[in-house]
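Structural overview
So the chains spell out like this:
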Amino acid sequence: MDRIILASQSPRRQALLRQVGLTDFSILVPNADESFDPALPPEEIVCGLSGRKAAAAAAHCGAGDLIIAADTMVFLDDQRLGKPRDRADAFRMLSALSGRTHRVCTGLTVRRGDRADTRCESTLVRFRQLEPEQIRSYIATGEPMDKAGSYGIQGRGALLVESIQGDYFNVMGLPLQRLSRMLETFGLDLFAREVAL
């Protein structure tokens, strides 16, 4: 039986797949080139990276295996906010996001053999106005230190968010509705009681 492959080691993406009933999948972390031109539009950056991850995974998969690859980035004024280097960097990022709207972009690629489909999902996230002490208290939880933009909306970072416009799950790293529609074109219906390849 051909496999479903998640080309990511993200525990959040794994949990989201299980949440929608896709439990029988394998993890394959590809060794893909993750360099990019920062002058490119955010959508092109994340789509290019997810496409490369899927291609790198395909080199280790059978022709019938179905590969899911994603790359999520946080952008403020089209400037990428990666994972913080340290607490001071996390404070800088969260201070910049305070009271403002930023964009979370995910490039999503579904691939089987030589056929690949890549799409982008963007979600606008607005932070409440934060006091410096609130930012320090959040950083003290340790939650921001391994997350792009220095926050996790699925954890205590939810307290920072005033509103979102778009797919909530995209902010977690995997836009589920977009993925569901893409998988349908590959013959995989997540609404079906039994998922068969």
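Residues numbered from 1 in each chain as written. Predicted model: local features only at pLDDT ≥ 70, side-chain atom pairs only at ≥ 80, totals over all residues. Heavy atoms only, no water.

**Notes on the overall build of the chain**
Here is the rule: Each helix is a run of DSSP H or I of at least 4 residues and each strand a run of E of at least 2, with the numbering of both proceeding from the N terminus. Computation of the radius of gyration draws on C-alpha atoms alone. For the globule rule, the value is 2.2 Å times the number of residues to the power 0.38. Relative accessibility thresholds used throughout: buried, under 20% of the residue-type maximum; exposed, over 50%; partly exposed, between the two (1.4 Å probe, protein chains only). The contact definition used throughout considers only heavy atoms, calling two residues in contact when any of these lie within 4.5 Å. All accessible areas in this document rest on Shrake-Rupley with a 1.4 Å probe, and a residue is counted as covered only by the protein chains that are shown. Charge counting treats Lys and Arg as positive and Asp and Glu as negative, with His and both chain ends excluded. By convention, the point assigned to a charge is CZ for Arg, NZ for Lys, CD for Glu and CG for Asp.
Regarding its fold elements, the chain presents six helices and seven strands. When the helices and strands of the chain are placed in sequence order, the string is β-α-β-α-β-β-α-β-β-α-β-α-α. Relative to the 2.2 N^0.38 estimate, which gives 16 Å for 197 residues, the radius of gyration of the chain is 17 Å and therefore close to what a compact globule would have. If you line up the chain on its principal axes, its C-alpha atoms span 55 × 35 × 25 Å. Evaluated residue by residue, the chain yields a buried proportion of 48% over its 197 residues. Here the contacts in the chain between residues at least 6 apart in sequence split such that 65% fall between residues at least 24 apart. Of the roughly 9800 Å² of accessible surface on the chain, a fraction of 47% belongs to carbon and sulfur atoms. With 25 positive and 25 negative side-chain charges, the chain shows a spacing of 3 Å between the two charge centroids.

**Some words on the pattern of salt bridges**
Where we set the bar: Criterion for a salt bridge: a side-chain nitrogen of Lys or Arg within 4 Å of a carboxyl oxygen of Asp or Glu.
Within the structure shown, the criterion is met by 13 salt bridges. Here Glu43 makes a salt bridge to Arg103, at a shortest N to O gap of 2.4 Å. A residue pair is termed long-range when its members are at least 10 positions apart, and Glu43 in helix α2 (residues 42-58) and Arg103 in strand β5 (residues 101-112) qualify at 60 residues. For Glu43, a relative accessible area of 28% corresponds to the partly exposed category. Across the pair Asp89 and Arg92 runs a salt bridge whose closest N-O atoms are separated by 2.8 Å. Residue Asp89 and its partner Arg92 are located together in helix α3 (residues 87-97), separated by three residues, close to a single helical turn. For Asp89, a relative accessible area of 5% gives the class buried. Classification of Arg92 as partly exposed rests on a relative accessible area of 45%. Overlapping salt bridges, with partners in common, bring together Glu43, Asp78 and Arg103 in one network.

**With respect to the confidence of the model for the chain**
For the record, the criterion: Along the chain, pLDDT gives the predictor's confidence residue by residue, from 0 to 100.
Per-residue confidence for the chain gives a mean pLDDT of 93; residues scoring 70 or more make up 97%. Of all secondary-structure elements in the chain, the lowest mean pLDDT belongs to strand β4 (residues 79-81), at 93, while strand β6 (residues 115-127) reaches the highest, 98.

**Focus: the pairing of strand β3 (residues 66-76)**
Convention followed: By this definition, two strands are paired if DSSP reports at least two bridges between them.
With 10 of its 11 residues buried, β3 lies for the most part within the structure. Taken together, the three bridges between strand β1 (residues 4-6) and β3 define a ladder with parallel strand orientation. Across the sheet, the residue bridging to Leu6 is Ile68, located in β3. Pairing between β3 and β5: 10 bridges, direction antiparallel. Counterpart to Ala69 in the pairing with β5 is Thr109. Note that β3 and β4 share three bridges and pair antiparallel. The partner of Leu76 across the bridge, within β4, is Gln79.

**A closer look at the packing of α3 against helix α4 (residues 132-140)**
Quick note on the threshold: The axes are straight lines fitted to the C-alpha atoms, using for helices just the contacting stretch, and the angles between their N-to-C directions are given from 0 to 180°. Relative orientations are named as follows: roughly parallel for angles under 35 degrees, roughly antiparallel for angles over 145 degrees, roughly perpendicular for angles from 65 to 115 degrees, and oblique for any other angle. Take the far helix as the reference: if the near one is turned anticlockwise from it by less than a right angle, the crossing is left-handed, and if turned clockwise, right-handed. Just so you know the grouping, Ala, Val, Leu, Ile, Met, Phe, Trp, Tyr, Cys and Pro go in nonpolar, Asp, Glu, Lys and Arg go in charged, and all remaining residues, Gly too, go in polar.
The geometry of α3 relative to α4 is characterised by a closest axis approach of 10 Å and an angle of 135° between their N-to-C directions. Taken together, the axes of α3 and α4 lie oblique to each other. α4 is crossed by α3, and the crossing has right-handed handedness. In this structure, α3 contributes Arg87, Ala90, Phe91, Leu94 and Ser95 to the contact, and α4 contributes Pro132, Ile135, Arg136, Tyr138, Ile139 and Ala140. When grouped by side-chain class, the residues that make up the contact of α3 with α4 number eight nonpolar, one polar and two charged.

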